[in-house]
Amino acid sequence: GLPDWNYAPRDPEFAAFRTDVKFPWEVARLAFVPRLGAAYRAGGDERHAETAARWLTDWCATQSVGEGVHFSSALEVGIRLIALCQAFHFFRGSRAFDRTVLEVLIRHTAAAAAWLDGHLSTDRVVAGNHLIGELAGLIVTDLYFPEFGGRNRLARNLPRFAREAERQLAPD
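Quick summary incoming for the structure in this document. What you are looking at is a predicted structure, and each value in this text was computed from that prediction instead of being measured. By convention here, each chain's residues receive numbers from 1 onward along its written sequence. Local features are withheld for residues below a pLDDT of 70 in this predicted model, meaning they are given only at 70 or higher, and side-chain atom pairs are given and counted only at 80 or more; totals for whole chains, interfaces and linings count all residues. In computing side-chain values, all of the structure's heavy atoms are included and hydrogens and water are not.

1. A word on the packing of aromatic side chains
Alright, step 1. Two aromatic rings from Phe, Tyr or Trp, using only the six-membered ring of Trp, form a pair when their centres are within 6.5 Å; if the ring planes differ by under 30 degrees the pair is stacked, by over 60 it is edge-to-face, and anything between is tilted. If you walk through the whole model with that rule in mind, you get 10 aromatic pairs.
Alright, step 2. Summarising the aromatic geometry, the rings of Tyr-40 and Phe-91 are spaced 5.6 Å apart at their centres and angled 40° between planes, so their arrangement reads as tilted. Separated by 51 residues along the polypeptide, Tyr-40 in helix α2 (residues 32-43) and Phe-91 in the loop between α4 (74-90) and α5 (99-117) bring together distant segments of the chain.
Alright, step 3. Among the aromatic residues, ring-to-ring pairing joins Trp-5, Phe-32, Trp-55 and Trp-59 into one connected group.
Alright, step 4. In this analysis the charged atom, NZ for Lys or CZ for Arg, is taken to sit over a ring once it is within 6 Å of the ring centre and within 35 degrees of the ring normal. In this arrangement the basic side chain of Arg-80 is found over the ring face of Phe-71, its NZ or CZ atom lying 5.2 Å from the centre. Every helix listed is a DSSP run of H or I at least four residues long, and every strand listed is a run of E at least two residues long, numbered separately from the N terminus.

2. Digging into the nonpolar core
Alright, step 1. Residues belong to one nonpolar core when they are buried, are Ala, Val, Leu, Ile, Met, Phe, Trp, Tyr or Cys, and are joined through side-chain atoms within 4.5 Å. Remark: exposure states derive from per-residue accessible area (1.4 Å probe, protein chains only) relative to the maximum for the residue type, with buried under 20%, exposed over 50%, and partly exposed in between. If you look at the biggest cluster of nonpolar residues, it comprises 25 residues, and the most contacted ones within it are Leu-30, Phe-32, Val-33, Leu-56, Phe-91, Phe-97 and Leu-105.
Alright, step 2. Looking at this core, the elements that each hand over two or more residues are α2, α3 (46-62), α4 and α5.
Alright, step 3. Pairs of residues are marked as contacts when any of their non-hydrogen atoms sit within 4.5 Å. In this structure Val-33 touches Leu-56, Ala-83, Gln-86, Ala-87, Phe-90 and Phe-91, once residues within four positions along its chain are discounted.
Alright, step 4. Within the second largest apolar cluster, 12 residues are counted, among which are Ala-74, Val-77, Leu-81 and Ala-113.

Quick look at the structure:
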């Protein structure tokens, strides 16, 4: 089957968590990508790539960029961009990642990066580690796909990331 991208626990024992946005966010971080990718790279089993391709194309088909719960936190988009770039890395050369799948993923990744670039958490109330995660997502995407943001976005975000890291990370 396919993941329930908007998962919320239904068991009465977890009633208090039914409206907790973190449940669907965890699923939508696409954490399965590096796991399936590592398994695919280790043994070359196309089933891992087929599963990843099916789940990722479903994600792209059902989640409109900039809309819904999965775009209510820019940090979540940054985390997801890193996972999407990992998909391109791990599944390079897989039959499952044919031209159609790659086109869907490239379009979605480019659109999500453009959305994130315009929605960074710069408000001091929420910036903190959120801004670092968001910038990391854009930097990874722009290093992997320089044509998406051009050199300007990368040149703007690398020093910004360094400043934020220096400001937020303790020497211990």
